[in-house]
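Survey of secondary and tertiary structure
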Amino acid sequence: MLQLFRWWRGKSAAFLATLAATVALVTGASLALAYGATGDAQAADSSSANATTTSSTSSGIAPAVSCSGMAQLDLASAVPGVPFEITSAAELAASGNTLGNWAACDVKGVIAPQIHFEIKLPETGWQANYLQVGCGGLCGNTNVTNAPASTGCVPLTTGAFAVASSDEGHYQGGGLFSSDPTLRADFGYKSDHELVQASKAIIEKYYGQAVTHSYFDGCSQGGHQALTEAQRYPTDFDGIIAGAPANNFTALNTFSHAWTAQSVYLDGGPATLTNADLADLHKAVLKGCGAPADGIIADPLSCTWDPATIQCKAGQTSTSDAYCLTADQVTTLRRIYAGPTDEHGKLLYPGYQLRGSELNWAGIITPATATGASGDIGFVRETLRYQIFDSPQPALTYKDIKFTAAYYKKVMQPNEGMYDATDPDLRAFKKAGGKLILWHGLGDQHIPAVGTMAYYKAVEKVMGGEAATKSFARLFLLPGVAHCGGGQGPDTFDALTAITDWVTQGDAPDSLTTKSVDSSGSTTASRPVYPFPYYAKNTTGGSATDPGSYTPVKSTAEAGLKLDWLGSFRSGYETVGNWVGGKWLITKGKS
């Protein structure tokens, strides 16, 4: 078997990981051990490869120029229409690299007017792969320290990828930057497209060889970036991982967050629910939804538990042993589980909090004290004040959001074209050979997973049905998992190996293995997740922590999901902005 690894020296590291996984299935070894064997085999054979390779290192393609030499390059005209410059290039020791055990040339630079970027170029191990990673929130800083859905991906930890990210055109995390139309466009749709072009030019200079395959991995705003690329620039990336995407950005950061805030702070008063309520509330929800002993609701969309069933009786006081809800708390919870609606009962955002997510609400939906502020209040404030109107409105708060059809039109019409990534037409991406993995935690407290389900179903409708869509795009839902990780369910997994195998070998992922990992790095639980609309159900009676206990079961609730939404997933809403004759001109178009 070691000879096989030697024979494939210099080939794709993604393939080696897949080969090792196959060996594991045949021999009964764990996947983690198989991945470890790949690394061991590579290390064992390094001296042999060094003796026979002249144009590359033992584990990949060698640099063609020095790292210090990169800082001297003038690349301002390397990419037509994307002027950029390198501001620094420094050696990064393997011990200081959080992505893996590989030394890198750490290059930093700026794309005009002020998109700051960073790219780590492996000194050894590079396999002509490029990985671009997204950011979170409203961005404002570069972060090339991790890839959200890549835990256990051996090619990443051994340096097979050059990895880059940007701050999306501004260097503070609030929404103030959106007062400038150029920076608004850079954040909304433009910066990632320009970064991939600049990065590829830098990579080719450093290695003397062009990138063979390009990938994107992001969660939250990073998931928004990922879908923007698939929709607007379908040839930029071969494989895209979009986690918990904030792709319906405008409605999410206005109507969805303001709705939960106004629901918790009824009539502008103190919070009806605080963090202290969540544990007892969650227990009641688990009981009402018939959750199994592990306390994870695998198919929460199917649960319709009504909070009124535990409303306090006249004169009753709620205790931990006999938890009950006040009338205002019932109203709050019903609103949160129903989602934001207008005066006619139509959703203003295509999603709502799922039952079972309550433990994850702390600090986001609910405050620490009744007079404290929730995270939702802050999210709404930045968007409302700086991002959706022509000029800053610094006095506005979540209380100023109106849940009416007229206000929805006022907010959405001028903004969705610049900020949102909700176009379901991915035919160009599919035609280019692109592959897409969508994933979302079902306990997400920031971005309701229902919105991603609704978007995926819209993609299916445009692309010709379930089978046609699964040929290039799949959605995986993680029970109990909070926003981009955390929560109660297994939240650690490797989608990067899955997407590279799909791109390079045509192996579509029929499942992903998720794990719960403790502070010492030990796996405490594991379960598979299957492509939407299937979920993992323990049909064997085995341990809830053993992935072998589960089989795929179709969710009738997910398969039959229909939303009475005021908006729509459609093509043609996109806009682009450019300076023409000294004026900022917004026109229709995807790019």
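Notes on the structure follow. (Residues numbered from 1 in each chain as written. Predicted model: local features only at pLDDT ≥ 70, side-chain atom pairs only at ≥ 80, totals over all residues. Heavy atoms only, no water.)

**Description of the sheet that holds strand β4 (residues 104–111)**
The following threshold applies: For two strands to count as paired, DSSP must find a minimum of two bridges between them. The secondary structure listing takes helices from DSSP runs of H or I that are at least 4 residues long and strands from runs of E that are at least 2 residues long, numbered from the N terminus. Axes, fitted as lines to C-alpha atoms, cover a helix only where it is in contact. Angles between the N-to-C directions of the axes lie from 0 to 180 degrees.
An order of β3-β4-β5-β7-β6-β8-β9-β10-β11 is seen for the 9 strands of this open sheet, with the pairing classed as mixed. Of all strands in the sheet, those with a lone pairing partner are β3 (84–92) and β11 (473–478), marking the two edges. Direction aside, the axes of adjacent strands within the sheet are offset by 15° on average. As paired elements, β4 and strand β5 (residues 115–122) share 8 bridges and run antiparallel to each other. When the sheet's bridge partners are listed, I111 is paired in β5 with I115.

**A look at unusual backbone geometry**
This is how it is decided: Relative accessibility under 20% of the residue-type maximum defines a buried residue, over 50% an exposed one, and the middle range a partly exposed one, all with a 1.4 Å probe and only protein chains included.
Residue A112 is joined to P113 through a cis peptide bond whose omega torsion reads 0°. With respect to the helices and strands, the residue P113 is situated in the loop between β4 and β5. The step from F532 to P533 runs through a cis peptide bond, and the omega angle for that step is 5°. For E168, which is not glycine, the phi torsion reads 65° and is therefore positive. Mapped onto the elements, E168 comes out in the loop between β7 (161–166) and α7 (181–207). Looking at E168, the relative accessible area reads 1%, which means it is buried. The phi dihedral of C484 is positive, around 60°, even though this residue is not glycine. Turning to its location among the elements, C484 is positioned in the loop between β11 and α18 (495–505).

**Side note on the state of the cysteines**
Quick reminder of the rule: Cysteine sulfur atoms that come within 2.5 Å of each other are treated as a disulfide pair.
Evaluated as defined, the whole model comprises 5 disulfides. The partner cysteine of C219 in its disulfide is C484, sulfur to sulfur 2.0 Å. Residues C219 and C484 share a disulfide whose torsion about the S-S bond is about -100°; that sign makes it left-handed. A residue pair is termed long-range when its members are at least 10 positions apart, and C219 in strand β8 (residues 213–219) and C484 in the loop between β11 and α18 qualify at 265 residues. In this model C312 forms its disulfide with C324; the gap between the sulfur atoms is 2.0 Å. Its S-S torsion of approximately 90° makes the covalent link between C312 and C324 right-handed. Note that C312 is positioned in the loop between α10 (278–289) and α11 (327–338) and C324 in the loop between α10 and α11, a separation of 12 residues in sequence. In the chain, the bonded cysteines, numbered by position in the sequence, are linked as 1-2, 3-4, 5-10, 6-7, 8-9. Between C153, a cysteine without a disulfide, and C219, which holds the nearest cysteine sulfur, the sulfur-to-sulfur distance is 17 Å. For C153, a relative accessible area of 0% translates into the label buried.

**A closer look at empty space enclosed by the protein**
The line we're drawing: Cavities and pockets were defined on a 1 Å grid built from protein atoms only: a cavity is a group of points that admits a 1.4 Å probe but offers it no way out, a pocket is an open group of points flanked by protein on both sides within 12 Å along at least five of seven lines, and a lining residue is one with an atom within 4 Å of any such point. Grid points are joined across faces, edges and corners, and a volume is the space filled by probe spheres set on the points. Following the grouping adopted for this structure description, the nonpolar residues are Ala, Val, Leu, Ile, Met, Phe, Trp, Tyr, Cys and Pro, the charged ones are Asp, Glu, Lys and Arg, and the polar ones are all others, Gly among them.
Applying the stated rule across the entire model yields 7 cavities of 30 Å³ or more. Per-element tally for the lining of the largest cavity: the top contributor is helix α9 (residues 249–264), with 4 residues. Taken together, the residues of the lining of the largest cavity sort by class into 6 nonpolar, 8 polar and 1 charged.

**Regarding the pattern of salt bridges**
The criterion, for reference: Any Lys or Arg side-chain nitrogen located within 4 Å of an Asp or Glu carboxyl oxygen qualifies as a salt bridge.
Enumeration over the complete set of coordinates arrives at 9 salt bridges. As a salt-bridge pair, K120 and E118 come within 3.6 Å of each other at their nearest N and O atoms. Note on accessibility: K120 and E118 belong to one class, buried. In this structure, the salt-bridge partner of R334 is D306, at a minimum N-O distance of 2.8 Å. With R334 in helix α11 and D306 in the loop between α10 and α11, this residue pair connects regions lying 28 residues apart in the sequence.

**A short note on the packing of α7 against helix α8 (residues 221–232)**
We count it as follows: An angle below 35 degrees is read as roughly parallel, one above 145 as roughly antiparallel, one from 65 to 115 as roughly perpendicular, and any other as oblique. We call two residues in contact whenever any of their non-hydrogen atoms come within 4.5 Å of each other.
At a minimum axis separation of 9 Å, α7 and α8 run at an interaxial angle of 70°. Comparing their axes, α8 and α7 come out roughly perpendicular. Here F187, G188, Y189, D192 and H193 of α7 lie close against α8, whose contacting residues are Q221, H224, Q225, T228, E229 and R232. Counted by class, the contact of α7 with α8 contains 2 nonpolar, 6 polar and 3 charged residues.

**A closer look at the packing of aromatic side chains**
Note the following rule: What counts as a ring pair is set by centres within 6.5 Å for rings of Phe, Tyr and Trp (its six-membered ring), and what kind of pair is set by the plane angle: stacked under 30 degrees, edge-to-face over 60, tilted for all other angles.
Taken as a whole, this structure holds 22 aromatic pairs when the rule is applied. Between Y337 and W361, the ring centres sit 6.0 Å apart and the planes meet at 55°, which makes this aromatic pair tilted. Highlighted residues: Y337 in helix α11 and W361 in the loop between α11 and α12 (375–386), separated in sequence by 24 residues. With respect to burial, Y337 and W361 carry one shared label: buried.

**A word on α9**
What sets the pattern is the α-helix's 3.6 residues per turn: residues three or four places apart point alike. Stated precisely, the cut-off is as follows: Between the first and last residue of a helix there are one fewer steps than residues, each counted as 1.5 Å, and that sum is the expected span.
Taking 1.5 Å of rise per residue, the 16 residues of α9 would be expected to cover 22 Å, and the 22 Å separating its terminal C-alpha atoms lies within 8% of that figure. Counting buried residues in α9 gives 16 out of 16 residues, a clear majority hidden from the surface.

**Things to note about the side chain of T182**
Examined against the element boundaries, T182 turns out to sit in helix α7. Ignoring anything within four residues of it in the chain, the contact list for T182 reads P113, W579 and W584.

**A look at the layout of surface pockets**
In this structure, the second largest pocket occupies an estimated 430 Å³ of space. Lining of the second largest pocket is provided by 21 residues; of these, R184, D390, P414, N415 and I586 occupy positions nearest its centre. For the lining of the second largest pocket, the secondary structure elements donating two or more residues are α7, α14 (416–419) and β17 (583–588). The greatest single-element share of the lining of the second largest pocket, amounting to 4 residues, is contributed by α14. Of the residues assigned to the lining of the second largest pocket, the class counts are 9 nonpolar, 6 polar and 6 charged.

**Overview of the pairing of β17**
Pairing of strand β16 (residues 575–580) with β17 involves 6 bridges; the strand directions are antiparallel. Bridge pairing links V580 to K583 in β17. In this antiparallel pair of consecutive strands, β16 and β17, the connection spans 2 residues, and G581 shows a positive phi of 60°.

**Concerning the nonpolar core**
Test applied: Buried residues of nine kinds, namely Ala, Val, Leu, Ile, Met, Phe, Trp, Tyr and Cys, make up a nonpolar core once their side-chain atoms join them within 4.5 Å.
By size, the foremost hydrophobic cluster in this structure holds 110 residues, and its most contacted members are L121, Y130, F255 and M453. Sort the elements by how many residues they give to this core and helix α16 (residues 449–463) lands first, with 9 residues. Those residues within four positions of L121 in sequence are excluded, and the remaining contacts are W102, A103, A104, C105, V107, A162, I202, I203, Y206 and Y207. Counting residues in each nonpolar core, the second largest holds 32 residues, with V163, A244, V481 and W502 among its members.

**Side note on the packing of α9 against α12**
Just so we agree on the cut-off: Crossing handedness is read from the near helix: turned anticlockwise from the far helix by less than a right angle, it gives a left-handed crossing, and turned clockwise, a right-handed one.
One way to put it is that α9 packs onto α12 with a least axis distance of 8 Å and a crossing angle of 140°. When the axes of α9 and α12 are compared, the pair comes out oblique. The two elements α9 and α12 cross, and the hand of that crossing is left-handed. Across the interface between the two elements, F249, N253, T254, H257, A258, T260 and A261 of α9 pack against D376, I377, F379, V380 and T383 of α12. Taken together, the residues of the contact of α9 with α12 sort by class into 6 nonpolar, 5 polar and 1 charged.

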